[in-house]
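Each chain, letter by letter, is given below.
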Amino acid sequence: MAFTIQFIIDVLSLGGAYALMALGLVIIYGILRLVNFAYGELIMVAGYTMYLSSGSGLPWIVMASLAVAMAVVFGIFTDYAAFRPVRAKSVTAVLITSFAFSNLLQNAALLFISPRPRNVPLPPIFSQTVEIGGAITPVRNLITIAASIVLLAAVAYLMRKTTLGIAMRAAATNFTMARMLGVPANLIISSAFALSGFLAGVVGILWIGRIGTVVPGVGLEPLLVAFIATVIGGMRSLPGAVVGGFLLALIDTTLNYTLPQDLLKFRDAFTFTLVILILLWRPAGLIKGPASGQRT
Amino acid sequence: MSETRLAVADVSVEFTGLRALDHVSLSVDTGEVVGLIGPNGSGKTTLVNAITGQVKLATGTITAAGVTLSGLSPRAIALQGVSRSFQIVRLFNAMTVLENVEAAALAKGAGRAAARERAEALLDEFGLASKADELGDSLSYGDKRRVEIARALAAEPKFLLLDEPAAGMNDAETETLLHTLAALPEKRGLGLLIIDHDMGLIMRLCHRLHVLASGRTIAQGTAAHVRAHPAVIEAYLGKGTAHA
C-alpha cells in the first residue's frame, strides 16, 4: 500500500512537472509550427533571478513571483529577438536563431554569473517530508502536484473560455485564416510566448527546487523532456503534450523502481527505446490534433 | 452614395507577367446582391482576393464605404467590414462549430458574452444549432459551407464576398441557402458579392451580374441583359454558337 502511494505520488509529481514543461513548448509550436529551442533558458532565467534576488531579504513568494515574471519577459524577448525578425523568411533561419539565442543566454550566464552551481533560496517547506498512508514523501512533490493541477486547469480554462484562448486556438489551427478574420497575429504570438514563459518560470522553480542549485545548462534537460513529451503526445495538441508528459514520467518512474542498481545509470536508454516503440506504433503521437498542419 | 458602396475601380492584377485581371471596375451597394460569373480561370476568385488584400494590385484602387482598402493588410481590410468565404472551405477544424463562429465575432472586438450570443443566433439562423458542439472537421460538406458563411457574418460585415457558397450542396440545401442569402442584404444592411457556377441560383438571387472572361469585364447588368449578351454566350459556349 505504502509502496503504491509512493509510486503514484512520484509519477504525478514528475508527470505534472513534465506536462507543464511540454505545454510551454507546444503552445509556441501549435501556433508557429516552430520549436523554441531557447525554451530551456527561460527556466534558467527563473533560476538565476531567484539566485540574484536571494540577498534582497524579500519574502520567498515575492522572489518566486519575480522569477516567473522574468521568465515571461524573456519569453516575449525570445519572440522579438529570435523569431519575429526571421519568422516569415524560413524555418531553418528560425531554428538557427532560436539555438543562437539559447546559446547567447547560456553564455551570458557563464560570463556574468558563474559556471559553478549557485544556490537558489528555497522555503523550508521544500525540504520537509510528510507521511501519507505509510509512504514518506517530500512536501515539494505534493506542491508540484498541486501546482500542476492548478496550472493545467487554468490553461485549459484560458484556452476554452477566454477571448485570448479562442484566438490562440484559431491561430494554431489556421494562422492565415485567423488573420483574415481580423485576429491580431503579432499580439497572439507575443501572448503565446508570454504564456510559455510563465509555464517555464513556474516549472523552473519547481524543477530547480528538487536540486536547490542553478547552473547555466539547467534548461537542457527540461527542454529535452518537453520535446520528447510533445513528440510522443502529439506535437499539435495541447492535451497531447500533457498526456505525453505524464506518460514519460510513468516510464521514468517505473524504470527507477524496477531497474537493478547497476542498470539504473542507463535508464535513459531504456526510456528512449520505449519512446521509439511508441513512435513506431503512433508516428504522429498519441493525440493527433488538427490535420491542417501547414506552416503558414 | 460612396458611403455605402464597395467600389473596385480600374483594377489589374498580374502574376509574373500574366494579367489575371485587366482594368476591371465593379461596385456593390449596400442592400444589393451582385453576381460575379465567368468561365474557369476568368479571374473571379482573383478579384475577391484583390478586394480582401491577398494579392497586390498592379493598377487601380478599391474602396469600401469611402475607405481605401488597396494597400491595407488582409486583417485591416477585415476590420473595415469586408468578410469573405472561400472556394475551398477553411474552418478551424479542431474547434467546435460554435467556437468557429465566435472567433470571428471576437476578432472584431465583441465581448465574450456578446460573441457567444451572436454566434448562437447565427447558428440558429443557418439551421446549425444542433451541431454547435461538433468539431469543424466532422461536418458534412454542405454544413461546413454554412458554418463558413455564418462565421463571415459574425464579423458583422458591411460587404460579404462569397466564393461558390453552393458548391458541393445538394438541390434542397441550395434552395435553403438561396432563401437565406436572398434575405441577408435587407436584414443585415450589407452588400453581397457572389461567385457561383450554378446559374439557376445566380439568376434568381442577384440583382445585377458582372461577367468576366480572361480577366476582362465582358458584360454587366441585369440577368436578362447578360443572358442575351453575345459576348457572354460566346465566352461560355464558344464562337459560332452565338447566333445559333
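Definitions and cut-offs
Residues numbered from 1 in each chain as written. Chains lettered and ligands numbered in written order. Predicted model: local features only at pLDDT ≥ 70, side-chain atom pairs only at ≥ 80, totals over all residues. Heavy atoms only, no water. Helix = DSSP H or I, 4+ residues; strand = E, 2+ residues; numbered from the N terminus. Rg over C-alpha atoms; globule rule 2.2 N^0.38 Å. Buried < 20%, exposed > 50% of the residue type's maximum accessible area, 1.4 Å probe, protein only. Contact = heavy atoms within 4.5 Å. Areas by Shrake-Rupley, 256 points an atom, 1.4 Å probe, with all protein chains shown as cover. Salt bridge = Lys/Arg side-chain N within 4 Å of Asp/Glu carboxyl O. Polar contact = N/O pair within 3.5 Å; in protein donor to acceptor, adjacent residues only side chain to side chain. UniProt positions renumbered as here; feature names shortened; annotations may be inferred. Expected span 1.5 Å × (residues − 1). Pairing = 2+ DSSP bridges. Axes fitted to C-alpha atoms, helices over the stretch in contact; angles between N-to-C directions. Domains from an automatic or database assignment. Buried area = accessible area lost by both parts, 1.4 Å probe.

(A) The arrangement of the overall build of chain B in detail. Of the regular secondary structure elements, chain B holds nine helices and 10 strands. Radius of gyration (C-alpha) of chain B: 18 Å, near the 18 Å computed for a compact globule of 244 residues. Projecting the C-alpha coordinates of chain B onto the three principal axes gives extents of approximately 55 × 40 × 35 Å. Each of the 244 residues in chain B was classed as buried or not, and the buried ones make up 52%. Intrachain contacts of chain B at a sequence separation of at least 6 include 67% that bridge at least 24 residues. With an accessible surface of roughly 10,100 Å², chain B has 52% of that area assigned to carbon and sulfur atoms.

(B) Layout of the pattern of salt bridges. Residue and element names in this part refer to chain B. Enumeration according to the criterion identifies 22 salt bridges over all chains in this entry. The residue glutamate 32 makes a salt bridge to arginine 208 at a minimum N-O spacing of 2.5 Å. Residue glutamate 32 is found in the loop between strand E2 (18-29) and strand E3 (33-37), and its partner arginine 208 is found in strand E9 (residues 208-213); the two are separated by 176 residues along the sequence. Take glutamate 32: its relative accessible area is 12%, and that puts it in the buried class. Here arginine 208 falls in the partly exposed class, since its relative accessible area comes to 24%. The partner of aspartate 163 in a salt bridge is arginine 84, with the nearest N and O atoms 4.0 Å apart. Here arginine 84 lies in strand E6 (residues 82-84) and aspartate 163 lies in strand E7 (residues 159-163), a separation of 79 residues in the sequence. Through salt bridges with shared partners, a single ionic network connects Glu14, Arg19, Asp22 and Arg216.

(C) Quick peek at the side chain of serine 53 of chain A. Residue and element names in this part refer to chain A. With respect to the element layout, serine 53 can be found in the loop between helix H2 (39-52) and helix H3 (60-83). Judged by its relative accessible area of 8%, serine 53 falls in the buried class. At a separation of 2.8 Å, a polar atom in the side chain of serine 53 contacts the main-chain carbonyl oxygen of threonine 49. Residues contacting serine 53, with those up to four places away along its chain left out, are Met63 and Leu66.

(D) The UniProt feature "transmembrane region" (unreviewed entry) in chain A, seen in detail. Residues and elements named next belong to chain A. With numbering aligned to this structure, UniProt lists the feature "transmembrane region" (unreviewed entry) at residues 7-32, 58-78, 90-113, 142-159, 187-208, 214-233, 240-257 and 269-287. Structurally, residues 90-113 comprises 92% helix and 0% strand, and the distance from its first C-alpha atom to its last is 34 Å. Strand forms 0% of residues 187-208 and helix 100%; the C-alpha atoms that close the span are 31 Å apart.

(E) Looking closely at helix H10 (residues 238-258) of chain A. All names here are of chain A. Compared with an ideal rise of 1.5 Å per residue, which puts 21 residues at 30 Å, H10 spans 30 Å between its outermost C-alpha atoms and is within 8% of the ideal. Turning to H10, its buried residues are Gly240, Ala241, Val242, Gly244, Gly245, Leu248, Ala249, Ile251, Asp252, Thr253 and Leu255. Taken together, the buried residues of H10 touch helix H1 (2-32), helix H5 (139-161), helix H9 (220-233) and helix H11 (267-281).

(F) Looking closely at unusual backbone geometry. Residue and element names in this part refer to chain B. Although it is not a glycine, histidine 23 sits at a positive phi angle of roughly 50°. Among the secondary structure elements, histidine 23 is positioned in strand E2. The backbone of serine 214 sits at a positive phi, close to 50°, despite the residue not being glycine. Position of serine 214 among the secondary structure elements: in the loop between E9 and strand E10 (216-221).

(G) Representation of the sheet that holds E9 of chain B. Residue and element names in this part refer to chain B. The six strands lie next to each other as E6-E7-E8-E3-E9-E10, forming an open sheet whose pairing is mixed. Edge strands, defined here as strands with exactly one partner in the open sheet, are E6 and E10. On average, each strand axis in the sheet is inclined to that of its neighbour by 20°, with strand direction left out of account. As defined by bridge partners, E9 adjoins E10 across five bridges and the pair is classed as antiparallel. For leucine 209, the partnering residue across the bridge sits in E10 and is glycine 221. Most of the contacts of helix H5 (residues 141-154) go to E7, to which it runs at about 160°, and overall it touches E6 and E7. The strands that helix H6 (residues 171-188) touches are E3, E7 and strand E8 (191-195); relative to E8, the one it contacts most, it runs at about 150°.

(H) Seen up close, the domain arrangement of chain B. All names here are of chain B. On domain assignment, one finds that chain B holds domain 1 (2-81 + 157-237) and domain 2 (91-154). Each of domain 1 and domain 2 was reduced to a C-alpha centroid, and the two centroids are 24 Å apart. Listed as interface residues are 21 residues of domain 1 and, on the opposing side, 12 residues of domain 2. Taken together, the two surfaces of domain 1 and domain 2 that pack against each other cover about 1,300 Å², and 63% of this comes from carbon and sulfur. Across the domain 1-domain 2 interface, the total number found is three salt bridges. Glutamate 125 is paired through a salt bridge with arginine 188; the nearest N and O atoms lie 2.7 Å apart. Here domain 1 and domain 2 share four residue pairs in polar contact (both at pLDDT 80 or more) between them. Of all elements in the fold, only helix H2 (74-79), E7 and H6 reach the threshold of two or more residues within the side of domain 1 that touches domain 2.

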